[in-house]
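Structural overview
Listed below, chain by chain, are the residues.
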Amino acid sequence: MTKEKWRELLIRTLRLYTLLVTLITVLMIILGNLLDRDRVFSYDAFFSPLIYALIGTVATLITRSDKELSVRGLIIRKAISLLLIEGTIIFIALNADTIPADKNWVVPCLALGVFAVFVLSHLILYFIDRKEAEKLNADLARFQEKRMNGSPMNE
Amino acid sequence: MKLETRKIPESEPEMVEIRYHWITDEIQEIISFVKSRQGQLSAVRDGRRFEVPVPDLFYAESVDDRLFLYTATDSYEIRMKLYELEDLLKNKSFFRVSKSMIVNLMKITSVRPALNGRFSAVLKNGEEIIISRKYVPALKQILKGGESL
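Computed from a predicted model, the values in this text were never measured in an experiment. (Residues numbered from 1 in each chain as written. Chains lettered and ligands numbered in written order. Predicted model: local features only at pLDDT ≥ 70, side-chain atom pairs only at ≥ 80, totals over all residues.)

Section: the overall build of chain A
Going by this rule: Only DSSP runs of H or I with at least four residues qualify as helices, and only runs of E with at least two residues qualify as strands; both kinds are numbered from the N terminus onward. Note on contacts: each residue gets a C-beta atom placed from the backbone, and two residues are in contact if those atoms are within 7 Å.
Across its full length, chain A holds four helices and zero strands. Ordered by position in the sequence, the α and β elements of chain A form the string α-α-α-α. Within chain A, residue pairs in contact and separated by at least 24 positions form 71% of the contacts whose partners lie at least 6 positions apart.

Here it is as structure tokens:
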């Protein structure tokens, strides 16, 4: 991979991580208020979104491929990535003291919440890509106009 | 094959003359190369040879070790490797968008996001092709007036 491609991957990974931290924090606020309102946490609880986001980001990186994947291949990889995240989060939920997994609906709600974060993060990244595409289109129009007027490609 | 070059006065037109006994693959390759330098590609469709003007090309795609050229409505096969064609069309608005395809940037109507961080390009004939994520940084650079690959 060239320096530019590494840079692109780093930007995308950091963007995904930051997005996941935000969405997971929101999810924890909603689920906590609905299912375990009276619980009091120490400051360590602030690490949770950072750790869960890291799990999500690593799972996405594991299932990432440099190969040209078909739409079907992509969907399969995404499904594996989601299963990996769901499995890890539920494993943590069943073993960590901070999540009351013994209470009814906590684990299903958590699984549903993880799915919602997964879908939302993809949607937001799609909108970011759409913005990038708009910029590409503006640059493309300028490029085509320049070439029509006879400018060389390497300026 | 004997190679002969001769310096001529500027008043005379430059020319390439090929003397042959039979048109072999080697001769055809040389003819194709010279024609491509003049803005035409020698390609085959339905067993007939055509001279395809480079500006008419939309994209070129390599399928199972065969290279195909696509214009707005027709497709042709050309006896060349994709990287050779890419090299030949360097500085002619052609850009590598995936492992198996180069596209004429002048024939793209718009770019839009596809799945998994990839982009797709809608061509002027309505066709849609995928731009692989790994080529996007280079595309951005070229469109901004930077160096080609």
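Overview of the overall build of chain B
To be explicit about the condition: Labels follow a simple rule on C-beta atoms placed from the backbone: if 20 or more others lie within 10 Å of a residue's own, it is buried; if 12 or fewer, it is exposed; otherwise it is partly exposed.
Scanning chain B for helices and strands turns up three helices and ten strands. Burial analysis of chain B (149 residues in total) assigns 31% to the buried set.

Examining the sheet that holds strand β10 (residues 128-131) of chain B
Residues and elements named next belong to chain B. The following threshold applies: For two strands to be treated as a pair, DSSP must find at least two bridges joining them. The axes used here are C-alpha line fits, helices contributing only the stretch in contact, and every angle between their N-to-C directions lies in the interval 0 to 180 degrees.
Taken in spatial order, the three strands line up as β8-β9-β10 in an open sheet, and their pairing is antiparallel. The sheet terminates laterally at β8 (108-113) and β10, the two strands that pair on one side only. Shown here is a sheet whose adjacent strand axes are inclined to one another by a mean of 25 degrees, direction ignored. Looking at chain direction, strand β9 (residues 119-123) and β10 are connected through four bridges and run antiparallel.

A word on the packing of helix α2 (residues 47-62) of chain A against helix α3 (residues 71-95) of chain A
Residues and elements named next belong to chain A. The test is simple: Here roughly perpendicular refers to angles of 65 to 115 degrees, roughly parallel to angles under 35, roughly antiparallel to angles over 145, and oblique to all remaining angles. Helix crossings are classified by the rotation of the near helix relative to the far one: an anticlockwise turn of less than a right angle makes the crossing left-handed, while a clockwise turn makes it right-handed. Residues are grouped as follows: Ala, Val, Leu, Ile, Met, Phe, Trp, Tyr, Cys and Pro are nonpolar; Asp, Glu, Lys and Arg are charged; all remaining types, including Gly, are polar.
Contact geometry of α2 with α3 gives a least axis separation of 9 Å together with a crossing angle of 150 degrees. What the angle tells us is that α2 and α3 run roughly antiparallel. Read as a crossing pair, α2 and α3 show a hand that is right-handed. For the pair α2 and α3, contact is made by Tyr52, Ile55, Gly56, Ala59 and Thr60 and by Ser81, Leu84, Ile85, Thr88 and Ile89, respectively. For the contact of α2 with α3, the per-class residue count stands at six nonpolar, four polar and no charged.

Some details on unusual backbone geometry
Residue and element names in this part refer to chain B. Positive phi, normally seen in glycine, also occurs at aspartate 46, with a value near 50 degrees. Looking at where aspartate 46 falls in the secondary structure, it is placed in the loop between β1 (40-45) and β2 (48-53). Even without being glycine, aspartate 65 reaches a positive phi, approximately 70 degrees. Following the sequence through the fold, aspartate 65 ends up in the loop between β3 (59-63) and β4 (66-70). Judged by the 7 C-beta atoms lying within 10 Å of it, aspartate 65 is exposed.

A look at the nonpolar core
Stated precisely, the cut-off is as follows: Think of a nonpolar core as buried Ala, Val, Leu, Ile, Met, Phe, Trp, Tyr and Cys residues, each tied to the set through C-beta atoms within 7 Å.
One finds Leu69(B), Ile102(B) and Val103(B) to be the most contacted residues of the largest nonpolar core, which totals 36 residues. In this structure Leu69(B) touches Leu41(B), Ala43(B), Val52(B), Leu57(B), Ala60(B), Ser75(B), Tyr76(B) and Ile78(B), once residues within four positions along its chain are discounted. The next biggest cluster of nonpolar side chains, apart from the first, holds 15 residues, and it includes Leu16(A), Leu20(A), Tyr52(A) and Phe118(A).

A closer look at the pairing of β3(B)
All names here are of chain B. The pairing of β3 with β4 spans five bridges and is classified as antiparallel. If you follow glutamate 61 over to β4, its bridge partner there is phenylalanine 68. Hairpin remark: β3 followed by β4, antiparallel, with two residues in the connecting loop; positive phi at aspartate 64, about 50 degrees. In this structure, β3 lies alongside strand β7 (residues 101-104), joined through three bridges in antiparallel fashion. If you follow glutamate 61 over to β7, its bridge partner there is methionine 101.

Let's talk about the pairing of β1(B)
Residues and elements named next belong to chain B. Where β1 and β2 come together, six bridges link them in antiparallel fashion. Within the sheet, the bridge partner assigned to glutamine 40 lies in β2 and is proline 53. In this antiparallel pair of consecutive strands, β1 and β2, the connection spans two residues, and aspartate 46 shows a positive phi of 50 degrees.

Thoughts on the confidence of the model for chain B
Put simply, the test is: Values of pLDDT, ranging from 0 to 100, describe the predictor's confidence in every residue of the model.
Averaged over all residues, the pLDDT of chain B equals 87, while 95% of them reach at least 70. As scored by the predictor, the complex reaches a pTM of 0.68 and an ipTM of 0.74.

Comments concerning helix α4 (residues 106-148) of chain A
To be explicit about the condition: By this rule, a helix spans an expected 1.5 Å times one less than how many residues it contains.
The end-to-end C-alpha distance of α4(A) is 62 Å, a good match for the 63 Å that 43 residues give at a rise of 1.5 Å each. Of all the positions in α4(A), only Leu110(A), Val114(A), Val117(A), Phe118(A), Ser121(A), Asp129(A), Ala133(A), Leu136(A), Leu140(A) and Phe143(A) are classed as buried.

Quick notes on the environment of Pro55(B)
Residues and elements named next belong to chain B. Relative to the helices and strands, proline 55 is located in the loop between β2 and β3. When the 13 C-beta atoms within 10 Å are taken as the criterion, proline 55 is described as partly exposed. For proline 55 and glycine 39, which are 16 residues apart along the polypeptide, the C-alpha to C-alpha distance reads 7.7 Å.

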